[in-house]
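# Notes for the structure review
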Amino acid sequence: MHGTILFAVEEAAKEGGLFDLDATLPLMAVQFLILAAILNQVFYKPLGKAIDERSDYIRERESNAKERLAKAEKLAHQYELELAETRKKAQATIVNAQAQAQKNASEKVAEAQQESQKVREKAAQEIEQEKQQALQALEQQVEPLSRQILEKLLGAELVK
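Here's what I pulled together on the structure shown here. Throughout this document, residue positions are counted from 1 along each chain, in the order its sequence is written. With pLDDT at 70 or above as the cut-off, local features in this predicted model cover only qualifying residues; side-chain atom pairs require 80 or more to be listed or tallied, and sums for whole chains, interfaces and linings still use all residues. Side-chain descriptors were evaluated using all non-hydrogen atoms of the structure, hydrogens and water having been removed beforehand.

## Observations concerning the overall build of the protein chain
For the record, the criterion: Numbered from the N terminus, helices here are DSSP runs of H or I no shorter than four residues, and strands are runs of E no shorter than two. The buried label applies to any residue whose accessible area, calculated with a 1.4 Å probe on protein chains only, is under 20% of its type's maximum; exposed applies above 50%, and partly exposed to all values in between. Where accessible areas are quoted, they stem from the Shrake-Rupley method and a 1.4 Å probe; at the residue level, only the protein chains shown are allowed to cover.
Secondary structure summary: the protein chain contains 3 helices and 0 strands in total. Taken from the N to the C terminus, the helices and strands of the protein chain come in the order α-α-α. Every one of the 160 residues in the protein chain was classed for burial, and the buried ones make up 0%. For the protein chain, the exposed area adds up to about 14900 Å²; of that, 61% sits on carbon and sulfur atoms.

Right, here's the structure in full:
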């Protein structure tokens, strides 16, 4: 038995040993290169292309999202400015309306005071006229009354 193993080792040594460099090695290398080329064409390039497309898609979506976010922030800022301006205008309108209302009220009060002043003046004139009329009526009655008093005091014959 010992001899058979030795013979197999000697045979193997004659053929090139553990690494026999006959046509099998180049054939295996060619097969490996063909397999690598086929895998590259069938699997690696489409997979790389899909990965690149997905990466481009993600990059594009991220860029679009950033643009939309910037636009939204700009619009929000613009709306805030417009809102502040609108509030200022509304406040100014309120102040103007209050001032106008105060002015109208003051004018109405002044008109009412003028009207009451006119009514008082007219009443005073009417009272003055009535007073003058009453004085004239009294003056007209004073002379006959004076004569009657004199007649009664002095007698009717002396007064004429």
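## Quick word on a nonpolar patch on the surface
Just so we agree on the cut-off: To count toward a patch, a residue needs a relative accessible area over 30% and no salt bridge; like charges are then connected within 9 Å, while nonpolar side chains (Val, Leu, Ile, Met, Phe, Trp, Tyr) are connected within 5 Å. What makes a salt bridge here is a side-chain nitrogen of Lys or Arg within 4 Å of a carboxyl oxygen of Asp or Glu, nothing more.
Nonpolar side chains collect at one region of the surface, where Val30, Ile34, Leu35, Ile38, Leu39, Val42, Phe43, Tyr44, Leu47 and Ile51 lie side by side and expose about 940 Å² of accessible area between them. Here Val30 lies in helix H2 (residues 24-154).

## Examining the packing of aromatic side chains
Note the threshold: Here a Phe, Tyr or Trp ring, Trp counted by its six-membered ring, pairs with any other such ring whose centre lies within 6.5 Å, and the pair is stacked when the planes are under 30 degrees apart, edge-to-face when over 60, and tilted otherwise.
This structure, assessed with the given rule, holds 1 aromatic pair. Ring centres 5.4 Å apart and planes at 65 degrees place the aromatic pair Phe43 and Tyr44 in the edge-to-face group. For Tyr44, a relative accessible area of 47% corresponds to the partly exposed category.

## Quick notes on H2
Quick note on the threshold: The length a helix should cover is 1.5 Å for every residue beyond the first. Bend angle per residue: angle between axes fitted to the 7 residues ending at that residue and the 7 residues starting there.
Along its 131 residues, H2 runs 186 Å from first to last C-alpha, staying within 8% of the 195 Å computed at 1.5 Å per residue. By the largest-angle criterion, Asn40 marks the main kink of H2, which is about 45 degrees. Gly155 sits one or two residues past H2 and shows a positive phi near 110 degrees.

## Description of a positive patch on the surface
Heads up, the rule is: His is not counted here, nor are the chain ends, while Lys and Arg score as positive and Asp and Glu score as negative. Where a charge sits is defined by one atom per residue type, namely NZ (Lys), CZ (Arg), CG (Asp) or CD (Glu).
A cluster of basic residues, Arg61, Arg68, Lys71 and Lys74, forms a positive patch at the surface. Position of Arg68 relative to the elements: it lies in helix H2. Judged by relative accessible area, which is 52%, Arg68 ranks as exposed.

## Digging into the pattern of salt bridges
Inspection of every chain in the model, using the stated rule, returns 4 salt bridges. Between Lys66 and Glu62 there is a salt bridge whose closest N-O contact spans 3.7 Å. One end of the pair is Lys66 and the other is Glu62, both in helix H2 and 4 residues apart, which spans about a single turn. A relative accessible area of 54% means that Lys66 is categorised as exposed. Given the relative accessible area of 43%, Glu62 is considered partly exposed. Across the pair Arg147 and Glu143 runs a salt bridge, and its minimum N-O distance is 3.8 Å. You can see Arg147 and its partner Glu143 sitting in helix H2, 4 residues apart, about one turn around the helix.

None of this, on its own, says anything about what the molecule does.
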